[in-house]
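# Survey of secondary and tertiary structure
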Amino acid sequence: MTTPDSAPQRHARYDLVVTIVWVLTFIGTRAFLDHDLQQRLQLAGWIRFLVALVPVLPAALFLRAVIRGIARMDELHRRVHLEALVFAYPLAILLLMTLGLLQLAVDLPVEDWSYRHVWIYLPLFYLGGLALAWRRYR
Amino acid sequence: MKNALRLLRAERDWTQAELAERLDVSRQTVNAVETEKYEPSLSLAFKIARLFGRSIEEIFDPG
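Now for a look at the structure at hand. Along every chain, residues carry numbers that run from 1 in the direction the sequence is written. Lettering for chains starts from A, numbering for ligands starts from 1, and both go in the order in which the items are written. Restriction of local features to residues with pLDDT of at least 70 applies here, the model being predicted, together with a cutoff of 80 or more for giving and counting side-chain atom pairs; totals for whole chains, interfaces and linings are based on all residues. Only hydrogens and water are set aside; all other atoms, that is, all heavy atoms of the structure, feed into the side-chain values.

### What to know about the overall build of chain A
The condition is simple: A run of DSSP states H or I qualifies as a helix once it reaches four residues; a run of E qualifies as a strand once it reaches two. Both are numbered from the N-terminal end. As defined in this context, the radius of gyration uses C-alpha atoms, and a globule is described by 2.2 Å times the residue total to the power 0.38. Think of it in three bands: with a 1.4 Å probe and only protein chains considered, a residue is buried below 20% of the maximum accessible area for its type, exposed above 50%, and partly exposed in between. Whether two residues are in contact is decided by their heavy atoms: any pair within 4.5 Å suffices. Surface accessibility in these figures is a Shrake-Rupley result with a 1.4 Å probe; residues are shielded only by whichever protein chains are displayed. Counted charges follow a simple rule, with Lys and Arg positive, Asp and Glu negative, and His plus the chain ends left uncounted. Just so you know, the charge point we use is NZ for Lys, CZ for Arg, CG for Asp and CD for Glu.
A count of helices and strands for chain A gives eight helices and zero strands. Mapped from its N terminus to its C terminus, chain A presents α and β elements in the order α-α-α-α-α-α-α-α. A globule of 138 residues ought to have a C-alpha radius of gyration of about 14 Å, yet chain A, at 19 Å, is considerably larger. Across its three principal directions, the C-alpha atoms of chain A cover 55 × 45 × 20 Å. Counting all 138 residues of chain A, 24% fall into the buried class. For chain A, long-range pairs separated by at least 24 residues make up 68% of all intrachain contacts whose partners lie at least 6 apart in sequence. Of the accessible surface of chain A, which amounts to about 10,200 Å², a share of 70% is contributed by carbon and sulfur atoms. If the 14 positive side-chain charges of chain A are averaged to one point and the 10 negative ones to another, these points end up 8 Å apart.

See below:
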């Protein structure tokens, strides 16, 4: 006889599924919107527009899962996440401001510094903030 | 802020994990409070005091 899953197990499974779906839809959308592939397929602009929005719903579900996960945490874990945010948010502003100014000063190649390249720094800053915050309490 | 949490836990022969379960917090939280790296909220301090049958002032010493 199998015992029913506990609430934390159910939450962890749901969070994992949502994360996997988001990552897969993002990777799939990026691959589909690849410049060379689009040259071959010659799809209408509105189709490309709709495909580009495919990861939005999974990403929104992922964010909701993160927010719910943080709400379920105890006070120390919530504090650690808050401190990570306090670290990451100003860094994100600094990055975007600097890139904005550099864009005025020099020609930043869009292949290296477009939105799709820059957004990944934001979760990385957050992860860095988490690592720093945990060092204080371990 | 100094506290007597580790001493009180040792008197009852509880592990950090056991105490964490009774307080409905994580083991890391118990460890951080015991090592005085983290000051608990008032509600957690009350929970700790009730669990050990002491007043908050008996457990926590602001120095």
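### Topic: the environment of A49 of chain B
Residue and element names in this part refer to chain B. Considering the arrangement of structural elements, one finds A49 in helix α4 (residues 42-52). According to the relative accessible area criterion, A49 is buried, its value standing at 4%. Expressed as a C-alpha distance, the spacing of A49 and L5, which sit 44 residues apart in the sequence, is 9.6 Å. Ignoring anything within four residues of it in the chain, the contact list for A49 reads R54, S55, I56 and I59.

### Regarding the nonpolar core
For clarity, the threshold we go by: Nonpolar core, defined: a set of buried Ala, Val, Leu, Ile, Met, Phe, Trp, Tyr and Cys residues in which side-chain atoms within 4.5 Å join the residues together.
The biggest cluster of nonpolar side chains holds 25 residues, and the ones touching the most others in it are I48 and F52 of chain B. Looking at this core, the elements with two or more residues in it are α5 (75-105) and α8 (121-137) of chain A together with α1 (5-11), α2 (16-23), α3 (27-34) and α4 of chain B. The element best represented in this core is α4 of chain B, accounting for five residues. The next biggest cluster of nonpolar side chains, apart from the first, holds seven residues, and it includes A92, L99, V118 and F125 of chain A.

### Some words on the interface of chain A and chain B
The line we're drawing: Values labelled buried area give the accessible surface lost by two parts on being combined, using a 1.4 Å probe and summing over both. Salt bridge, as used here: a side-chain nitrogen of Lys or Arg that lies within 4 Å of a carboxyl oxygen of Asp or Glu. Side-chain atoms alone can form a polar contact between residues adjacent in sequence; in general such a contact is a pair of N or O atoms within 3.5 Å, and within protein one must be able to donate a hydrogen while the other accepts it. Nonpolar residues are Ala, Val, Leu, Ile, Met, Phe, Trp, Tyr, Cys and Pro. Charged residues are Asp, Glu, Lys and Arg, and all others, Gly as well, are polar.
On the side of chain B, ten residues touch chain A, which itself brings nine residues to the contact. Around 830 Å² of area is buried between chain A and chain B when both sides are counted, 51% of it from carbon and sulfur atoms. Our count for the chain A to chain B interface comes out at zero salt bridges. The interface formed by chain A and chain B includes six residue pairs in polar contact (both at pLDDT 80 or more). Secondary structure elements with two or more residues in the side of chain A that touches chain B: α5 and α8 of chain A. If you tally residues by element for the side of chain A that touches chain B, the top one is α5 of chain A, at four residues. Residue composition of the side of chain A that touches chain B, grouped by class: three nonpolar, one polar and five charged.

### Section: a nonpolar patch on the surface
All names here are of chain A. Condition: Nonpolar side chains (Val, Leu, Ile, Met, Phe, Trp, Tyr) within 5 Å and like charges within 9 Å form the patches, drawn only from residues with over 30% relative accessible area and no salt bridge.
A surface patch of nonpolar side chains, amounting to about 680 Å² of accessible area, comprises Y89, I93, L94, M97, L101 and L104. For M97, the location among the structural elements is in helix α5. Relative accessible area serves as the criterion here: at 46%, M97 is assigned to the partly exposed category.

### A closer look at the pattern of salt bridges
Residue and element names in this part refer to chain A. Under the definition given, this model contains seven salt bridges over all chains. The partner of R72 in a salt bridge is D15, with the nearest N and O atoms 3.7 Å apart. Residue R72 is found in helix α4 (residues 56-72), and its partner D15 is found in helix α1 (residues 7-32); the two are separated by 57 residues along the sequence. Classification of R72 as partly exposed rests on a relative accessible area of 41%.

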